Amino acid sequence: MSGINYVSKETLEQMREELNRLKSSGRAEIARLIAEAREKGDLKENAEYDAAKEAQGHHEAKIANLEDAIVFARIIDSKDIDISKVSILSKVKLTNLANKKILEYQIVSEKEADLKLGKISVTSPIGRGLLGKKIGDVAEVTAPSGVMKFVIDAISI
């Protein structure tokens, strides 16, 4: 991971909890799978062993990525957010000018993004297009489907 990762205090705590879980019970489970596969005989032709070792590699990569994310994490407190313009952790109410649909999003870090909850990443096309805009501004967002235009209706925390 590169660069600073802005997160809420709650998200940083969740990341730390996940890292602890991966390092303890996650590693123990992978070790158990490898041990079971070893018991089944010749390691050269043991697909279960190969799969367990591959799972171990993925698991360790996930741990490394999470450790990097935590190292580069910076906590943002909602009281420090300027709501005169769209920034990370802002809640934005906007209208799609093409279909007049009203949308509400919260701009969050990549780790917190969850479209079902209305949280979009600051690095997503829409997130990038909204950053720095003020109420009444029109944001032009280049998406895979073409250019989309949104008017900023409200900004809150």
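Heads up: these notes are all about the structure in this document. Model, not experiment: these values are computed from the prediction.

1. Examining the overall build of the protein chain
The helix and strand inventory of the protein chain stands at three helices and seven strands. Secondary structure elements of the protein chain, listed N to C terminal, follow the sequence β-α-α-β-β-β-β-α-β-β. Relative to the globule expectation of 15 Å for 157 residues, the C-alpha radius of gyration of the protein chain, 21 Å, shows a markedly less compact shape. Considering only C-alpha atoms, the protein chain reaches an extent of 70 × 35 × 25 Å along its principal axes. A buried classification covers 35% of the 157 residues belonging to the protein chain. Pairs at least 24 apart in sequence give 50% of the contacts found in the protein chain among residues at least 6 apart. Carbon and sulfur atoms make up 52% of the accessible area of the protein chain, which amounts to about 9800 Å² in all. For the protein chain, the centre of its 25 positive side-chain charges and the centre of its 25 negative side-chain charges are spaced 5 Å apart.

2. Re unusual backbone geometry
The backbone of leucine 89 sits at a positive phi, close to 75°, despite the residue not being glycine. Along the chain, the position of leucine 89 falls in the loop between strand 2 (73–75) and strand 3 (91–96). Here leucine 89 falls in the buried class, since its relative accessible area comes to 9%. One non-glycine residue, lysine 100, lies in positive phi territory at about 60°. Inspection of the secondary structure assignment puts lysine 100 in the loop between strand 3 and strand 4 (102–108). A relative accessible area of 58% places lysine 100 in the exposed class.

3. Considerations on the pattern of salt bridges
For the coordinates displayed, the defined rule picks out six salt bridges. Across the pair lysine 23 and glutamate 67 runs a salt bridge, and its minimum N-O distance is 2.8 Å. Here lysine 23, found in helix 1 (residues 9–38), pairs with glutamate 67, found in helix 2 (residues 47–71); they are 44 residues apart in sequence, far enough to count as distant. On the accessibility criterion, lysine 23 (34% relative accessible area) is partly exposed. Look at glutamate 67 and you get partly exposed, because its relative accessible area is 30%. A salt bridge links arginine 32 to glutamate 29; the nearest nitrogen and oxygen atoms lie 2.4 Å apart. Within this pair, arginine 32 and its partner glutamate 29 are both found in helix 1, separated by three residues, close to a single helical turn.

Cut-off values and rules
Residues numbered from 1 in each chain as written. Predicted model: local features only at pLDDT ≥ 70, side-chain atom pairs only at ≥ 80, totals over all residues. Heavy atoms only, no water. Helix = DSSP H or I, 4+ residues; strand = E, 2+ residues; numbered from the N terminus. Rg over C-alpha atoms; globule rule 2.2 N^0.38 Å. Buried < 20%, exposed > 50% of the residue type's maximum accessible area, 1.4 Å probe, protein only. Contact = heavy atoms within 4.5 Å. Areas by Shrake-Rupley, 256 points an atom, 1.4 Å probe, with all protein chains shown as cover. Lys, Arg positive; Asp, Glu negative; His and termini not counted. Charge placed at Lys NZ, Arg CZ, Asp CG, Glu CD. Salt bridge = Lys/Arg side-chain N within 4 Å of Asp/Glu carboxyl O.

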